[in-house]
Amino acid sequence: MKISPRILPALLLCLLTFSASAETPEEKGLAIATQADKRDSGFGDYTNDVKMILKNKQGQESVREIRSRTLEVENDGDKSLTIFDEPRDVQGTALLSFTHKEGPDDQWLYLPALKRVKRIASDNKSGPFMGSEFAYEDITSQEVDKYTYKFLRDDQLDGMDVFVFERYPRDENSGYTRQIVWLDKEHYKERKIEFYDRKNSLMKTLLLSDYQLHNDQFWRAHEMNMENHQTGKSTRLLQSNYTFGAGLTDRDFDQNSLKRAR
């Protein structure tokens with residue numbers, strides 16, 4: 001059968017329209033997450049400082065000063081080292097994390113008072129990190145393959161056009177059944193995340209703000225606020241002094257680096 005050249009453009013348009021409409025919510029959610037990950041690839045390594053502000057149900061605050069190091073690993077997740085400098089009772093405490101694209105992440109905690117390295121078991125990743133409202137699983141890099149996805153809708157958040165999608169942890173030891181993510185359409189950065197516990201009740205909300213551009217390519221949120229709706233507590237992270245291309249290597253992230261972290 002011959003197709004007339006006159007109707008060929010219309011036919012192609014119909015095929016393209018059908019193809020776009022045939023994309024499932026699961027496929028669209030995955031495509032958005034993949035694009036966000038792609039835009040943040042290639043940073044190499046960086047260091048930064050963090051002020052952690054813990055607020056209890058009564059509104060009382062305590063402050064911790066932290067240094068952080070991150071190394072991008074080709075064909076796998078990132079490596080990170082978090083070092084507590086203040087106050088004195090947590091000084092020298094350090095967390096080493098190896099995130100993996102597949103399978104459970106590896107994490108080790110150094111406790112200077114005991115002078116030993118403690119491995120964080122996979123079934124403990126949902127526990128609170130150093131008394132904060134961030135779980136151990138929240139502070140590793142959120143690799144695309146760790147979740148399945150479902151696009152929900154286009155929306156607006158604080159005047160920004162955003163994608164809204166759900167992601168479901170593949171890890172059976174995760175403390176969450178699902179997370180709802182608001183991702184801005186301009187830079188593909190997370191702006192808000194709701195975390196639902198194992199009973200599928202809203203547990204926490206994370207707001208990410210004060211995004212700043214580094215090295216003309218990489219956006220980082222300089223403020224993150226995690227509110228726990230079930231406990232009334234919150235944790236605020238103020239991030240500063242980013243240095244990309246710090247020259248970090250794998251040796252800066254072995255288990256011995258925990259003990260020599262200063």
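Conventions and cut-offs
- Residues numbered from 1 in each chain as written.
- Predicted model: local features only at pLDDT ≥ 70, side-chain atom pairs only at ≥ 80, totals over all residues.
- Heavy atoms only, no water.
- Helix = DSSP H or I, 4+ residues; strand = E, 2+ residues; numbered from the N terminus.
- Buried < 20%, exposed > 50% of the residue type's maximum accessible area, 1.4 Å probe, protein only.
- Contact = heavy atoms within 4.5 Å.
- Lys, Arg positive; Asp, Glu negative; His and termini not counted.
- Charge placed at Lys NZ, Arg CZ, Asp CG, Glu CD.
- Pairing = 2+ DSSP bridges.
- Expected span 1.5 Å × (residues − 1).
- Phe/Tyr/Trp six-rings, centres within 6.5 Å; stacked < 30°, edge-to-face > 60°.
- 1 Å grid on protein atoms, 1.4 Å probe; cavity = no way out; pocket = protein on both sides within 12 Å on 5 of 7 lines; lining within 4 Å.
- Points joined across faces, edges and corners; volume = space filled by probe spheres on them.
- Nonpolar A, V, L, I, M, F, W, Y, C, P; charged D, E, K, R; others polar.

1. Looking at the overall build of the protein chain
Here's step 1: The secondary structure content of the protein chain amounts to three helices and 13 strands.
Here's step 2: Oriented by its inertia axes, the alpha-carbon framework of the protein chain measures out at about 80 × 40 × 35 Å.
Here's step 3: Taken across its 262 residues, the protein chain has 42% of its residues classed as buried.
Here's step 4: In the protein chain, 43% of the contacts between residues at least 6 apart in sequence involve partners at least 24 apart.
Here's step 5: Between the averaged position of the 39 positive side-chain charges in the protein chain and that of its 44 negative side-chain charges there is a distance of 3 Å.

2. Points about the pairing of strand E3 (residues 79-86)
Here's step 1: With respect to burial, E3 is a largely interior element, six of its eight residues being buried.
Here's step 2: Across five bridges, the pairing between E3 and strand E4 (residues 94-98) is antiparallel. Bridged to isoleucine 83 within E4 is alanine 94.

3. Some details on helix H2 (residues 25-39)
Here's step 1: Between the first and last C-alpha of H2 there are 21 Å, a value that for 15 residues agrees with the 21 Å anticipated at 1.5 Å per step.
Here's step 2: Buried residues along H2 sit in contact with strand E7 (147-157), strand E8 (160-169) and strand E9 (178-184).

4. Quick look at the packing of aromatic side chains
Here's step 1: Evaluation of the coordinates by the stated rule reveals 13 aromatic pairs.
Here's step 2: Ring centres of phenylalanine 163 and tyrosine 188 lie 5.5 Å apart, and the angle between their planes is 55°; this geometry places the pair in the tilted category. Of this pair, phenylalanine 163 sits in strand E8 while tyrosine 188 sits in the loop between E9 and strand E10 (190-196), and the two are 25 residues apart along the sequence.
Here's step 3: For phenylalanine 163, a relative accessible area of 11% gives the class buried.
Here's step 4: On the basis of an interplanar angle of 20° and a centroid distance of 6.2 Å, the ring pair of tyrosine 242 and phenylalanine 244 is categorised as stacked.

5. What to know about the layout of surface pockets
Here's step 1: Here the second largest pocket is characterised by a volume of approximately 310 Å³.
Here's step 2: In this structure, the second largest pocket is lined by 20 residues; those nearest its centre are Asp105, Glu137, Thr140, Lys146 and Asp171.
Here's step 3: Within the lining of the second largest pocket, the residues separate by chemical class into five nonpolar, seven polar and eight charged.

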